[in-house]
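Chain by chain, the residues:
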Amino acid sequence: MSRGLKVCLAGLLLTFSIAWLGRESWLSALGRYLIETPGGLSVADVVVVPAADYIRADVSIETLEEAARLVREGRAKHIVMSCAEVYGVSECELAQKWLRDRGYSGTQIDWLRTAILPDELEADKTIQYLRERGVKSAIILLPNYKTRRLGGAYRRLGTQSAIEVNVMGQSREFDPQRWWRSREGQKRFAVEFVRLARLL
């Protein structure tokens, strides 16, 4: 084996060793890159829960409870939720029932009925729905790992429609510091990173 080849192999081994030993730092940095946490409105006309993404909506009970809490605290007047029908049952029906069962009986959901579709199209339909109803400001509740890509889309569309948009990331579904340690975290990261890379 030539000396040059030995040096090259030693360099590769050193590089891989450094990458392996420092993997937690760069993996968590990649996870944090997906998340954008800009400041914005603390009070708005509506709080929006997008729930029709055809890959993974990731709308949890906690997300609905956060929306209901914002309404109860007077930080939003009502909830708008995009809803797809699954086997003839609307997700908004299930969400409304859950709110009643949890003591939020006075909190109503405005249904934006739609098919299951890509979340960029969902964002477009949602902003159009808000514009047609004269909404001037909105808080959008998104899974935290979608805030960089999808939050930007909502803000851009909102600006075009004279709607002030604040994006709030819900952190229960994705931990940027440990995402690689669970299969669900790996799936969420891989799908979102590919979707984000398509926009770059």
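Residues numbered from 1 in each chain as written. Predicted model: local features only at pLDDT ≥ 70, side-chain atom pairs only at ≥ 80, totals over all residues. Heavy atoms only, no water.

The next point concerns the overall build of the protein chain. When its secondary structure is counted, the protein chain shows seven helices and seven strands. Sequence-ordered secondary structure for the protein chain, helices as α and strands as β, is α-α-β-α-β-β-β-α-β-α-β-α-β-α. Burial status across the protein chain gives 44% buried among its 200 residues. Excluding contacts between residues fewer than 6 apart, the proportion of contacts in the protein chain whose partners are at least 24 apart in sequence is 79%. Taken as a whole, the protein chain presents about 11,000 Å² of accessible surface, with 56% of it coming from carbon and sulfur. (Helix = DSSP H or I, 4+ residues; strand = E, 2+ residues; numbered from the N terminus. Buried < 20%, exposed > 50% of the residue type's maximum accessible area, 1.4 Å probe, protein only. Contact = heavy atoms within 4.5 Å. Areas by Shrake-Rupley, 256 points an atom, 1.4 Å probe, with all protein chains shown as cover.)

Here the focus is helix 4 (residues 91–101). For helix 4, the full list of buried residues reads Cys 92, Ala 95, Gln 96, Trp 98 and Leu 99. Buried residues in helix 4, looked at end-on, bunch into an arc of 160 degrees, giving them a common side. Opposite the buried face of helix 4, by more than 90 degrees, sit the exposed residues Leu 94 and Asp 101. The elements touched by buried residues of helix 4 are helix 3 (61–72), strand 2 (76–83), strand 4 (89–90) and strand 5 (109–113). A distance of 3.1 Å separates the backbone nitrogen of Cys 92 from a side-chain oxygen at the start of helix 4, and that oxygen is part of Ser 90. Just downstream of helix 4 lies Gly 103, where phi reads positive at about 90 degrees. (Arc of directions from axis to C-beta. Polar contact = N/O pair within 3.5 Å; in protein donor to acceptor, adjacent residues only side chain to side chain.)

Let's shift gears to the state of the cysteines. A disulfide bridge is the covalent bond that connects two cysteines by way of their sulfur atoms. If you walk through the whole model with that rule in mind, you get one disulfide. The disulfide partner of Cys 83 is Cys 92, and the gap between their sulfur atoms is 1.4 Å. For Cys 83, a relative accessible area of 2% gives the class buried. (Disulfide = S-S within 2.5 Å.)

Counting residues in hydrophobic clusters, the biggest one holds 22 residues, and the most contacted among them are Val 47, Ile 79, Met 81, Leu 99, Ile 109, Ile 139 and Leu 141. Put simply, the parts of the chain that give this core at least two residues each are strand 1 (44–49), helix 3, strand 2, helix 4 and strand 6 (137–143). A total of five residues in this core trace back to one element, the largest contributor, which is helix 3. Apart from the residues lying within four places of it in its own chain, the contact partners of Met 81 are Val 49, Ala 51, Leu 64, Glu 91, Cys 92, Ala 95, Ile 109, Asp 110, Trp 111 and Leu 112. Val 46, Leu 142, Leu 157 and Val 167 belong to the second-largest nonpolar core, a separate cluster that totals 19 residues. (Core = buried A, V, L, I, M, F, W, Y, C linked by side-chain atoms within 4.5 Å.)

This part is about unusual backbone geometry. Even without glycine at this site, Ala 162 takes up a positive phi of about 60 degrees. What makes Ala 162 exposed here is its relative accessible area of 54%.

The subject of this paragraph is the packing of aromatic side chains. Per the stated rule, a full pass over the model turns up four aromatic pairs. Ring plane angle 25 degrees and centroid distance 5.2 Å describe the contact between Phe 189 and Phe 193, whose orientation is recorded as stacked. Within this pair, Phe 189 and its partner Phe 193 are both found in helix 7 (residues 183–197), separated by four residues, close to a single helical turn. Note on Phe 193: relative accessible area 33%, which makes it partly exposed. Pairwise contacts between aromatic rings join Trp 179, Trp 180, Phe 189 and Phe 193 into one cluster. Above the face of the Tyr 129 ring, Arg 133 is positioned so that its terminal group lies 3.6 Å from the ring centre. (Phe/Tyr/Trp six-rings, centres within 6.5 Å; stacked < 30°, edge-to-face > 60°. Lys NZ or Arg CZ within 6 Å of the ring centre and 35° of its normal.)

Interpretation in functional terms is not warranted from these geometric data alone.
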